[in-house]
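Spelled out, the chains give:
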Amino acid sequence: MGALLGVVAAAAGLAVAELLSGIFHQRVSPVVAVAESIIRLTPGDVVEFVISLVGQYDKPLLVVFTLLGLAAVSAGVGVVAIRSTLGAQGLFVLMGVVVVLAVRARLTPSMSTYIPAVLGVVVAMAALAVLAPRAAVAANRTTATQPADTRRSSRRDFLRLTGVVAAAAVMVGVTGRVLAQGRAALEAARGQLKLPIRRRPTPPGADLAVTGLAPWVTDQDDFYRIDTALSVPQILPGEWELRIHGLVDREMTLTYQDLIDRGLTEAWVTLCCVSNQVGGGLISNASWSGVPIADVLAEAGVHDDADAVLSTSADDWTCGTPLSVLTDDRNALFAVAMNGEPLTAEHGFPVRMVVPGLYGYVSATKWVVDFEVTRFADFTAFWTDRGWAAEGPIKTQSRIDVPGDGSSFAAGDVVVAGVAWAQHTGIAKVEVRIADQPWVEASLADEPTIDSWRQWSYVWPAQPGSQRIQVRATDQSGETQTEAIADVLPDGATGWHTITVDVG
Ligand SMILES: Nc1nc2c(c(=O)[nH]1)N[C@H]1C(S)=C(S)[C@@H](COP(=O)(O)O)O[C@H]1N2
Ligand SMILES: [Mo]
């Protein structure tokens, strides 16, 4: 009775998790995330040996084994539930934590990443709460004096309810899997693309390779993700079209193949979110492949009275960008690839905008499908409607990555290192201040382009005690970061990143 209870409750939760992950078009569902994490944590030679045995069935088999494992653990939880519902709920929470960690390891976190796993656990717990008391009565653990027919009827009651929950779980779970097919088709199409590009090596001298310091190039899976899309837009390259219109001489419609046929330009660009707090992680650097927006606009013939472009995504998100940054000589691109790979669906597949020097909300439209040349006076966009500034040039900033805030270590020479950025202006100087001592200059890594962030480091002869470390950057226009603290709203945070460490 207990085992059945546990398995059915877990199945209800799992089904809801699969459904939500299908609705959100996530690349992996919670179950697959657990399965993939198992592969990751298994030694390579063991994985290879298993694959040599089962061949292409490795993934489906692993998912089946993961499900069997989950069922076994859940059965155990159900047995516990007959004795202590609270204890069983605790075990479900624990399983939930494992699933969330697996999801975290396999998906770039965004607004909706953890919703399926978390709601799945909630549903499993609710099912347990409803079924466990009935199971306990049916298992006759409540009173020894219970008449036999009462026990029989409560057993029937339990089995009937369990059957209903199980049937609902199967229906919901299957719906989730059907919804996931769309994403699978998209992944297949993405995998079949043969773009004439390769991953570019990190430019020599740009990466100081300090442990704990953000690598100069961010892998696509580690690249920060910000968007309003609960459900990731699914657009096959063959279906994608970009309409260019508005204040132009010639309207144009570009297909994916049109873009590729134009030849791809490569550019290192660091993207940054206006919501990035001082010291925050909503910033990443990559090599982008795409078509210069300026070339396309020149072909369309922009009218003299235009000063902006209103771009719209497949999910109707809108963004206003100054025309000037799209037509000058910077690398503003309709990008199709990041780090030599087609964009992932989460980062705008098949085509997005990338513009050096502007926060993402005014420049980096993912899943872009409409491009209207217009005037700022004539429109508002998604975030400007919500109080954010119409123009969003990135503010010069710097961040301390190592040592970590609040960390403790022994006195002696300690490497302090981080990144600084002033996209399309360039970083001229980074300074570090320990407590109230004078500012000292950090050494800078090479700057292959002014459109990317720049790493810095400083060897600090650390003295014992609690110590404050601050950083500030000066850009190549001579401007030094202001100490004045400003919130991210309406046009980006200011202030010096400050950490405290304990030197023993
Ligand atoms: N379609 C669409 N594009 C979008 C957004 C969005 O919500 N929808 N968010 C923007 C914001 S605020 C940022 S910071 C960047 C982030 O791009 P990334 O998720 O690839 O890092 O995308 C921009 N492009
Ligand atoms: Mo953003």
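Residues numbered from 1 in each chain as written. Chains lettered and ligands numbered in written order. Predicted model: local features only at pLDDT ≥ 70, side-chain atom pairs only at ≥ 80, totals over all residues. Heavy atoms only, no water.

### Topic: the packing of aromatic side chains
For step 1, the next point in the chain: Counted by the stated rule, this structure contains 10 aromatic pairs.
For step 2, the next point in the chain: Judged by centre distance (5.6 Å) and plane angle (85°), the rings of Phe-223 and Trp-288 are edge-to-face. One end of the pair, Phe-223, is in the loop between α7 (148-192) and β1 (241-246); the other, Trp-288, is in strand β4 (residues 283-292), with 65 residues separating them in the sequence.
For step 3, the next point in the chain: Phe-223 gets classed as buried once you look at its relative accessible area, which sits at 1%.
For step 4, the next point in the chain: Given the relative accessible area of 0%, Trp-288 is considered buried.
For step 5, the next point in the chain: Note on Phe-376 and Phe-379: the rings are 5.7 Å apart at their centroids and 25° apart in plane angle, and the pair reads as stacked. As far as burial versus exposure is concerned, Phe-376 and Phe-379 are alike and both buried. (Phe/Tyr/Trp six-rings, centres within 6.5 Å; stacked < 30°, edge-to-face > 60°. Helix = DSSP H or I, 4+ residues; strand = E, 2+ residues; numbered from the N terminus. Buried < 20%, exposed > 50% of the residue type's maximum accessible area, 1.4 Å probe, protein only.)

### Let's talk about the environment of Phe-65
For step 1, the next point in the chain: As for its placement among the helices and strands, Phe-65 is situated in helix α4 (residues 58-83).
For step 2, the next point in the chain: For the pair Phe-65 and Val-248, spaced 183 residues apart in sequence, the C-alpha separation works out to 58 Å.

### So, a positive patch on the surface
For step 1, the next point in the chain: There is a patch of like positive charges on the surface, built from Arg-151, Arg-152, Arg-155 and Arg-156.
For step 2, the next point in the chain: Looking at the element boundaries, Arg-155 is found in helix α7. (Patch = residues over 30% accessible without salt bridge, like charges linked within 9 Å, V, L, I, M, F, W, Y side chains within 5 Å. Areas by Shrake-Rupley, 256 points an atom, 1.4 Å probe, with all protein chains shown as cover. Salt bridge = Lys/Arg side-chain N within 4 Å of Asp/Glu carboxyl O. Lys, Arg positive; Asp, Glu negative; His and termini not counted. Charge placed at Lys NZ, Arg CZ, Asp CG, Glu CD.)

### Some points on the domain arrangement of the chain
For step 1, the next point in the chain: Looking at the assigned domains, one finds that the chain contains domain 1 (2-181), domain 2 (237-386) and domain 3 (397-503).
For step 2, the next point in the chain: Between domain 2 and domain 3, the C-alpha centre-to-centre distance is 31 Å.
For step 3, the next point in the chain: Surface buried jointly by domain 2 and domain 3 totals about 1600 Å² across both partners, of which 58% is contributed by carbon and sulfur atoms.
For step 4, the next point in the chain: Contact with domain 3 buries surface across domain 2, with Thr-270, Val-278 and Ile-283 losing the most and accounting together for 31% of the total. (Domains from an automatic or database assignment. Buried area = accessible area lost by both parts, 1.4 Å probe.)

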